[in-house]
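# Structure at a glance
So you can see what is in the structure, the chains are spelled out below.
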Amino acid sequence: MTPKDLVERFYADVWNRRDHDTARDIIASDFRFRGSLGPEKRGLAGFLDYVDDVHAALGNYTCTIEDMVCTGDRVAARMTFRGKHRGTFFGVAPTHKEIEWAGAAFFTIAKGKLSELWVLGDVDAVKRQLGAVPGSPF
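Structural notes, computed from the coordinates. Small disclaimer: the values here were computed from a predicted structure and weren't measured.

## As for the environment of Thr95
- With respect to the helices and strands, the residue Thr95 is situated in the loop between strand E4 (74-85) and strand E5 (98-110).
- Thr95 sits in the partly exposed class, given a relative accessible area of 29%.
- Along the sequence, Thr95 and Leu130 sit 35 residues apart, while their C-alpha atoms lie 7.3 Å from each other.
- Setting aside chain neighbours within four positions, we find Thr95 in contact with His85 and Leu130.
- In this structure the side chain of Thr95 is engaged in a polar contact, spanning 2.9 Å, whose partner is the side chain of His85.

Here's what the structure looks like:
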């Protein structure tokens, strides 16, 4: 599987469908993750908990790859994230608003699996859409 294939499956299956089996197939057990929503996770289990937490807060949560660049063992993707605010998020009770924000994801691949991910997202846009207090943690 190419690095491009791994990243496409990561978003289509792991994030958009919450497929934990696919996650185990394509993500290294010692996966390092730093998300724009705040948490840093190490290990597959912690990352999957994070995925579940985001889906609990945002119904119909999806990640759309808008653009992708691959070079060897590195992949960068420009993203759009969307969901319906259905659980407490940044300290704000559910508003049932559809929210959307832009981001960028930077992957490292090792031994045929995703080994590291660093995501930068427009968290200020999320907070503005929800009416969150500046500085509110996820």
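## Some words on the pattern of salt bridges
- A complete count under the given rule lists eight salt bridges for this structure.
- Taking the shortest distance from any N to any O, the salt bridge between Arg9 and Asp13 comes out at 3.4 Å. On the criterion of helical spacing, the pair formed by Arg9 and Asp13 is a turn pair, its members being four residues apart in helix H1 (residues 3-15).
- A salt bridge links Arg18 to Asp52, with the shortest nitrogen-to-oxygen separation between them at 3.0 Å.

## A look at the pairing of E5
- As paired strands, E4 and E5 are joined by eleven bridges and run antiparallel to one another. Bridging across to E5, Arg82 finds its partner in Glu100.
- Alignment of E5 against strand E6 (residues 113-121), held across eight bridges, turns out to be antiparallel. Of the residues in E6, the one forming a bridge with Thr108 is Glu116.
- In this structure, the hairpin formed by E5 and E6 is closed by a connection of two residues, where Lys111 is found at a positive phi of approximately 50°.

Reading guide: rules and limits
- Residues numbered from 1 in each chain as written.
- Predicted model: local features only at pLDDT ≥ 70, side-chain atom pairs only at ≥ 80, totals over all residues.
- Heavy atoms only, no water.
- Helix = DSSP H or I, 4+ residues; strand = E, 2+ residues; numbered from the N terminus.
- Buried < 20%, exposed > 50% of the residue type's maximum accessible area, 1.4 Å probe, protein only.
- Contact = heavy atoms within 4.5 Å.
- Polar contact = N/O pair within 3.5 Å; in protein donor to acceptor, adjacent residues only side chain to side chain.
- Salt bridge = Lys/Arg side-chain N within 4 Å of Asp/Glu carboxyl O.
- Pairing = 2+ DSSP bridges.

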